[in-house]
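Chain by chain, the residues:
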Amino acid sequence: GVILFNEGQAGEGPDDRRVLLNGTLGAPTVDIPVVGTTFAVGEELAAAGTTATLTTKTESDPHRRTRNVLAESRWGDPERVVMLGAHLDSVTDGPGINDNGSGTAGVLETALGASVLPTRNRLRFAFWGAEELGLLGSQHYVSTLPAAERAKIKLYLNFDMIASPNHIFGIYDGDDSDRVGAPAGPPGSDRIEKLFESYFTALDLPYKGTDFTGRSDYGPFIQAGIPAGGLFTGAEGIKTEEEAAAFGGEAGVAYDKCYHQRCDTIANVNDRALGVNTGAIATAAFVYAYARTLPGG
Ligand code: PHE
Ligand code: ZN
Ligand code: ZN
Ligand code: ZN
């Protein structure tokens, strides 16, 4: 399977910090060597059951550089880009496995699956840096795109926290029909919401709208007028009685009680939610990869 590493660190002692990282989809939990805040990955760590020590340097560099990682399919019309993204960084307080190893895993699975398929439209995958510092990676990307390049992006799909332990199935509310008063997405975002709804309906699963609060990497895209959508299973918010009745789990408890904490490890991931949402990501990617008309034209 794919082992997923999230940039970030979980503090303990000043010099030799052991950070639990994790794999996805049945991969083993690993504890691996790291220098600075970039994890060095050995091949052997991919083997089931392996463990190594992870060490981070403690002095933090306020000027350190971070990166977005972008990948694009070789097929499809380069003038019609379908873009998917997830942030790769975590907060410094924890390893960031649900936030946002989960979204990263879902997008990565889809990217790997897409690599051999001859699509009509171009698929572009973004793994954002520095989301937790204020959407820095996605903001940089959108703001430095020439207008002609920006116009080629026909929609953006965002996946930030898709496997919360006490999850709901949240779909970004593109038309604001679900919660009046919250900002709707740019025109076309309602179509994206409806596509995700049809996926959950096909599986006889519940879903609900979740607001575009501006708290994740879709923010710069909707500000640029690019139709957007995506999935979210809940962060520090508290699950209501109605939600517990619809989705199961525990009312009165946070969707993710380890949000931005040291305990956001592999144990903090709901595998079923991850699987369901990964299917939704793949479905949306491929529907839009072959569509003649896209939400953004
Ligand atoms: N972007 C927030 C974070 O990474 C989580 C979040 C996602 C909150 C979507 C609200 C909506 O911490
Ligand atoms: Zn976060
Ligand atoms: Zn996040
Ligand atoms: Zn809606």
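The rules behind these values
- Residues numbered from 1 in each chain as written.
- Chains lettered and ligands numbered in written order.
- Predicted model: local features only at pLDDT ≥ 70, side-chain atom pairs only at ≥ 80, totals over all residues.
- Near = placed C-beta within 6 Å.
- Nonpolar A, V, L, I, M, F, W, Y, C, P; charged D, E, K, R; others polar.
- Pairing = 2+ DSSP bridges.
- Helix = DSSP H or I, 4+ residues; strand = E, 2+ residues; numbered from the N terminus.
- Axes fitted to C-alpha atoms, helices over the stretch in contact; angles between N-to-C directions.
- Contact = placed C-beta atoms within 7 Å.
- Core = buried A, V, L, I, M, F, W, Y, C linked by C-beta atoms within 7 Å.
- Buried ≥ 20, exposed ≤ 12 C-beta atoms within 10 Å, placed from the backbone.

S.K.: Would you explain the site of ligand 1 in this entry?
M.R.: In the vicinity of ligand 1, the residues found are D99, E131, E132, D160, M161, T213, R215, S216, F232 and A235. Here the residues of the shell around ligand 1 are counted per class, giving 3 nonpolar, 2 polar and 5 charged.

S.K.: What is the right way to look at the sheet that holds strand β6 (residues 69–72) in this model?
M.R.: Each strand in a sheet pairs with its neighbour through backbone hydrogen bonds, running either in the same direction (parallel) or in the opposite one (antiparallel). Pairing in this open sheet of 7 strands is mixed, and the strands run β6-β8-β7-β9-β12-β10-β11 from one edge to the other. With one partner strand each, in any of the chains shown, β6 and β11 (208–210) form the two edges of the open sheet. Each strand axis lies, on average, 25 degrees off the axis of its neighbour in the sheet, ignoring direction. With respect to the sheet, helix α1 (residues 97–114) is in contact with β6, β7 (77–87), β8 (121–128) and β9 (153–159), its orientation differing from that of β7 by roughly 150 degrees. The sheet strands contacting helix α7 (residues 271–290) are β7, β8, β9 and β12 (228–232), and the helix crosses β7 at an angle near 165 degrees.

S.K.: Looking at this structure, how should I read the nonpolar core?
M.R.: As a rule of thumb, nonpolar side chains are buried together in soluble globular proteins. Counting 58 residues, the largest nonpolar core has V82, L155, Y156, A228 and A285 as its most contacted members. Considering each element in turn, this core owes the most residues, 9 residues, to α7. With sequence-adjacent residues up to four places away left out, Y156 is seen in contact with M83, G85, Y218, F221, I226 and A228.

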